[in-house]
There are 2 protein chains.
Amino acid sequence: MTTIKDIAKKAGVSVTTVSRALNGYSDVSEITRKKIAQVAKELNYSPNSLARSLVMKRSQTIGLLVSGFTKESVKDNFMVEVLAGVNEYVSGSSYDLILFNTNSSKQREKTYTQLCRERRVDGVIIQGIRTDDPYLKEVVESDIPCLLIDIPLESDHVSHVTTDNVLGAEKAVKHLIHLGHEKIGMINGHEFAFVSRERLQGYQKALDKAGLAFHPEYIADGEFTEEKGKEAAFQLLRNHPEITALFCASDLMAIGAMSAAKELNRQVPVDLSIIGYDDILLASYVSPKLTTIAQNKFGLGYEAARLLIGLLQHETETHRLVMKTELMERESTAEVKK
Amino acid sequence: MTTIKDIAKKAGVSVTTVSRALNGYSDVSEITRKKIAQVAKELNYSPNSLARSLVMKRSQTIGLLVSGFTKESVKDNFMVEVLAGVNEYVSGSSYDLILFNTNSSKQREKTYTQLCRERRVDGVIIQGIRTDDPYLKEVVESDIPCLLIDIPLESDHVSHVTTDNVLGAEKAVKHLIHLGHEKIGMINGHEFAFVSRERLQGYQKALDKAGLAFHPEYIADGEFTEEKGKEAAFQLLRNHPEITALFCASDLMAIGAMSAAKELNRQVPVDLSIIGYDDILLASYVSPKLTTIAQNKFGLGYEAARLLIGLLQHETETHRLVMKTELMERESTAEVKK
DNA sequence: AAATATACCCAAAACGTTTCGGATTTACTT
DNA sequence: AAGTAAATCCGAAACGTTTTGGGTATATTT
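Residues numbered from 1 in each chain as written. Chains lettered and ligands numbered in written order. Predicted model: local features only at pLDDT ≥ 70, side-chain atom pairs only at ≥ 80, totals over all residues.

## A word on the overall build of chain A
Helix and strand counts for chain A stand at 13 helices and 12 strands. Its C-alpha atoms give chain A a radius of gyration of 26 Å, clearly above 20 Å, the size a compact globule of 338 residues would have. The dimensions of chain A, computed from C-alpha atoms along their principal axes, are 90 × 35 × 35 Å. Here chain A holds 338 residues, and the buried ones make up 49% of them. (Helix = DSSP H or I, 4+ residues; strand = E, 2+ residues; numbered from the N terminus. Rg over C-alpha atoms; globule rule 2.2 N^0.38 Å. Buried ≥ 20, exposed ≤ 12 C-beta atoms within 10 Å, placed from the backbone.)

## A look at the sheet that holds strand E8 (residues 245-248) of chain B
All names here are of chain B. Ordered by their spatial adjacency, 6 strands build an open sheet running E7-E6-E8-E9-E10-E12, and the pairing between neighbours is mixed. Of all the strands in the sheet, just strand E7 (219-221) and strand E12 (325-328) have a single pairing partner and so form its edges. Neighbour-to-neighbour, the strand axes of this sheet turn through a mean angle of 15 degrees, independent of strand direction. Strand direction decides the pairing type here: strand E10 (residues 291-295) and E12, joined by 4 bridges, are antiparallel. Paired with Thr292 across the two strands is Met328, which belongs to E12. (Pairing = 2+ DSSP bridges. Axes fitted to C-alpha atoms, helices over the stretch in contact; angles between N-to-C directions.)

## Description of the protein's contact with DNA strand C
Among the 27 residues in the neighbourhood of DNA strand C, the closest are listed as Val13 and Val55 of chain A together with Ile4, Ser19 and Ala51 of chain B. Among the secondary structure elements, those contributing two or more residues to the surface near DNA strand C are helix H2 (15-22) and helix H4 (49-56) of chain A together with helix H1 (4-11), helix H2 (15-22) and helix H4 (49-56) of chain B. Among the elements that make up the surface near DNA strand C, the one with the highest residue count is H4 of chain B (5 residues). Split into classes, the residues belonging to the surface near DNA strand C amount to 13 nonpolar, 10 polar and 4 charged. (Near = placed C-beta within 6 Å. Nonpolar A, V, L, I, M, F, W, Y, C, P; charged D, E, K, R; others polar.)

## Quick notes on the sheet that holds strand E4 (residues 146-149) of chain A
With mixed pairing, 12 strands are arranged side by side in an open sheet as E11(A)-E5(A)-E4(A)-E3(A)-E1(A)-E2(A)-E2(B)-E1(B)-E3(B)-E4(B)-E5(B)-E11(B). Two strands bound the open sheet, and with one partner strand each, they are strand E11 (320-323) of chain A together with strand E11 (320-323) of chain B. Neighbour-to-neighbour, the strand axes of this sheet turn through a mean angle of 20 degrees, independent of strand direction. Inspection of the sheet shows strand E3 (residues 123-127) of chain B paired to strand E4 (residues 146-149) of chain B by 3 bridges, in the parallel sense. For Ile125 of chain B, the partnering residue across the bridge sits in E4 of chain B and is Leu147 of chain B. On top of the sheet, helix H7 (residues 112-119) of chain A reaches strand E1 (61-66), strand E2 (96-101) and strand E3 (123-127) of chain A together with strand E2 (96-101) of chain B; it is set at about 155 degrees to E1 of chain A, its chief contact. (Contact = placed C-beta atoms within 7 Å.)

## Side note on the protein's contact with DNA strand D
Residues in contact with DNA strand D amount to 27 residues; listed here are only the nearest, Ile4, Ser19 and Ala51 of chain A together with Val13 and Asp27 of chain B. Those elements giving two or more residues to the surface near DNA strand D turn out to be helix H1 (4-11), H2 and H4 of chain A together with H2 and H4 of chain B. When residues of the surface near DNA strand D are assigned to their parent elements, the largest contribution, 5 residues, is made by H4 of chain A. Looking at side-chain class alone, the surface near DNA strand D contains 13 nonpolar, 10 polar and 4 charged residues.

## Overview of the interface of chain B and chain A
As a measure of interface size, the accessible area lost when the parts come together is often cited. Taken together, the 41 residues of chain B in the interface contact 41 residues of chain A. When contributions to the side of chain B that touches chain A are tallied by element, the ones reaching two or more residues are H4, helix H5 (78-91), E2 and helix H7 (112-119) of chain B. Of the residues that constitute the side of chain B that touches chain A, the class distribution is 18 nonpolar, 13 polar and 10 charged. Summarising the sheet, E2 of chain A and E2 of chain B pair through 3 bridges and their orientation is antiparallel. Among the inter-strand pairings, Leu97 of chain A is bridged to a residue of E2 of chain B, identified as Leu99 of chain B.

## Looking at the domain arrangement of chain A
Domain boundaries assigned for chain A yield domain 1 (4-47), domain 2 (61-164 + 297-323) and domain 3 (165-295). Its C-alpha centre places domain 1 of chain A at a distance of 64 Å from the equivalent point of domain 3 of chain A. (Domains from an automatic or database assignment.)

## Side note on the nonpolar core
Side chains that are nonpolar tend, in soluble globular proteins, to be buried together. If you look at the biggest cluster of nonpolar residues, it comprises 172 residues, and the most contacted ones within it are Ile125, Cys248 and Ala257 of chain A together with Ile125, Cys248 and Ala257 of chain B. When near neighbours in sequence (up to four residues on either side) are disregarded, Cys248 of chain B contacts Ile187, Gly229, Met253, Ala254, Ala257, Ile274, Ile275, Gly276 and Tyr277 of chain B. (Core = buried A, V, L, I, M, F, W, Y, C linked by C-beta atoms within 7 Å.)

## What to know about the packing of H1 of chain A against H2 of chain A
Helix-helix packing is characterised by the crossing angle of the two axes and by the distance between the axes. Residues and elements named next belong to chain A. Two elements in contact, H1 and H2, have axes separated by 8 Å at closest approach and are oriented at 105 degrees. Between H1 and H2, the angle falls in the class roughly perpendicular. Of H2, the residues touching H1 (which contributes Ile4, Lys5, Ile7, Ala8 and Ala11) are Val15, Val18 and Ser19. Among the residues forming the contact of H1 with H2, the class breakdown is 6 nonpolar, 1 polar and 1 charged. (Parallel < 35°, antiparallel > 145°, perpendicular 65-115°, else oblique.)

## Examining the relation of the copies chain B and chain A
The transform that puts chain B on chain A rotates by 180 degrees and translates by 0.0 Å along the axis, for an RMSD of 0.1 Å. Here the copies are linked by what is in effect a two-fold axis. When C-alpha distances to the rotation axis are compared across chain B, the minimum falls at Ile98 of chain B, with a value of 2.2 Å. (Least-squares fit on C-alpha atoms with pLDDT ≥ 70 in both.)

## Details of H7 of chain A
When H7 of chain A is considered as a whole, its buried residues turn out to be Tyr112, Leu115, Cys116, Arg117 and Arg119 of chain A. Packing partners of the buried residues in H7 of chain A comprise E1, E2, E3 and helix H8 (134-141) of chain A together with H4 and E2 of chain B. Looking one or two residues past H7 of chain A, Arg120 of chain A carries a phi angle of roughly 55 degrees, positive in sign.

## With respect to the packing of helix H11 (residues 226-239) of chain A against helix H12 (residues 251-263) of chain A
Residue and element names in this part refer to chain A. Close contact between H11 and H12 brings their axes to 7 Å; oriented N to C, the two are set at 50 degrees. As the angle between them shows, H11 and H12 are arranged oblique. Of the two possible hands of crossing, H11 and H12 adopt the one that is right-handed. Here Glu226, Glu227, Gly229, Lys230, Ala233, Phe234 and Leu237 of H11 lie close against H12, whose contacting residues are Leu252, Met253, Ala254, Ile255, Gly256, Ala257, Ser259, Ala260 and Ala261. Across the contact of H11 with H12, the residue classes break down as 10 nonpolar, 3 polar and 3 charged. (Left-handed = near helix turned anticlockwise from the far one by under 90°.)

## A look at unusual backbone geometry
The step from Val268 of chain A to Pro269 of chain A runs through a cis peptide bond, and the omega angle for that step is 5 degrees. Along the chain, the position of Pro269 of chain A falls in the loop between H12 and strand E9 (273-278). Here the residue pair Ser287 of chain A and Pro288 of chain A is connected by a cis peptide bond, since its omega of 0 degrees sits within 30 degrees of zero. The backbone phi angle of Asn44 of chain A is positive, close to 55 degrees, even though this residue is not glycine. By the element assignment, Asn44 of chain A lies in the loop between helix H3 (30-42) and H4. Residues other than glycine seldom take positive phi values, yet Asn265 of chain B does so here, at roughly 60 degrees.

## Examining H2 of chain B
Residue and element names in this part refer to chain B. Restricting attention to buried positions, one finds in H2 the residues Thr17, Val18 and Ala21. The buried residues of H2 occupy one face: seen down the axis, they fall within an arc of 100 degrees. Taken together, the buried residues of H2 touch H1 and helix H3 (30-42). (Arc of directions from axis to C-beta.)

## A word on the pairing of strand E9 (residues 273-278) of chain B
Within a regular strand, the side chains alternate between the two sheet faces. Residue and element names in this part refer to chain B. Taking burial as the measure, the 6 residues of E9 include 6 buried ones, the bulk of the element. Where E8 and E9 come together, 3 bridges link them in parallel fashion. Each residue of the ladder has a partner; that of Phe247, found in E9, is Ile275. Chirality of the crossover, the property in question, places the unit of E8, helix H12 (residues 251-263) and E9 among those that are right-handed. (Right-handed = clockwise from strand over helix to strand, strands pointing away.)

The structure is reproduced here in structure tokens:
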């Protein structure tokens, strides 16, 4: 593997000059620059980024921490789309992406900070972390520039991008109310997700504004999974048959709720309206097609990468970005039966 | 950021000893080892992998080259599942994954080998590359250990994992023949995909064995996309209305074909049988549910990582792995109408 | 003609590790 | 008591870059 020294020797100059020539500094004459470039090509040189990073103290890599990127998570393409967005922006930059796998076994033996500091990543993007994850505390305490997706923390070195979950949930519930629904259940994620808290707020807000009573017993947690969402729907619909509409905090849970409804012989949307959240791919393919609150998942990732890299290069100062949501009216919601 | 030197100073030993102590060498006494470990913890030390890699000439990273990981590719979760498999195995190893983005613009300015050599990856996994991609030639010519997914090349430093595409396609077509179909069209990918060539062979083989004539005009390319698959189906069904069944080389194209059929008022499966390939998530969600040849995409990625890492660590010598496929009989195929 | 500016170049230190080839002490053999 | 073995330790070189703080000509100004 050829080095800068080999080039220096063959071109008859010092390594300093080679380095400066290849990096486009001005204090090297045009003819030696040409010469060096030619020799470099002849020897099929490629720089050793490790050596460079070592001395420059910047690795030009950003770490990507996705928790739970497993066989099962493929169904929920939320994470995948975010990843695609991150990838898209990063690929246009001078950075590369390093994927950190934080399966639970590894987590115990290596902390978040260790992971990042060993690899000397310049910054890190974190997605899908729970608020009770030990890593989260570390983030705030460490000094590694960090961008959180869907966790609204902010400090000198931590920023975030998210969507307006309160408003999004409000839109969803408002839609149901417009259709005449008054007994509206909610299937939420879990208490350790910021988005769950916010979507709950939106739900309450919409009820409030419409002058409808808030029934805590109309709410059940579905852990963001299809299975648990189905169970939650079962529970809600059996204990409170008067419910005519369900607002689910994720599409996957909404799809679970749809199967529950089917098994309970409640036809969607005539006997029961269901609205989801996320607008995952499956939402347009299940039958009936799922009405949902769409978030720009790709954009979320894209903007996350953009924000972080902007900060790393001191080109920007923003630490926070909130994106819009959009109601996608499909076939799983309808006017309440009189 | 604390270094090995800081530890040495504080513990009153040489850097050599610190290094050897932390790496578990035997020629350091138990008491100094304890001492060093304690000091390391006090100073919150984490090793600099860049420095280590530089001297050891191994970076403990493997590169992942996925071409076309974009907004659109999310629908086709083939790649995503493979990625999940790779990720799963790698996360259990001591390696980390670095994602190389080869969008076309970057490709021109940086070659495949440069990408890998700059980052000094120990090996690389390549997925979704076309046979006419300039990168592919580079792989063979370079000396970087490389694992190809679905491209059956083999040499000193290149290995591959794939599925038995000939047999898989044969199974699909045989299934159609068993249902009584004789005029069977095929929507293939494109000529620059090994899998397309192999699936075509399987198609011909099945026809041969059944004593059915091979009609080249019953074949059209759909580029592996839903759009082009739909177009190909249109063309085939309009020009050859006698066709009663379609074998598609990917589920996405099969889904495209289903919409074409709908628009042409040919009801699946009674008027037209359609069988896909891959068994992507959507296959079970479209209506009617798609009969298809399932491949273990997650396993493909998992085994790819395993094979490569095994080779890197000289624990294995295998350069080739072929996985099985399975016929998933669903609702898009039926007996031919008499 | 002297002083100054400009253009071009370089030696050496630094980044944080690992490892080679001993060196020193202590314990064990003969 | 001398020699050998084992147990611990260490100095210095190496990995391949970038950068600092100059140096030496040549050209330009005064």
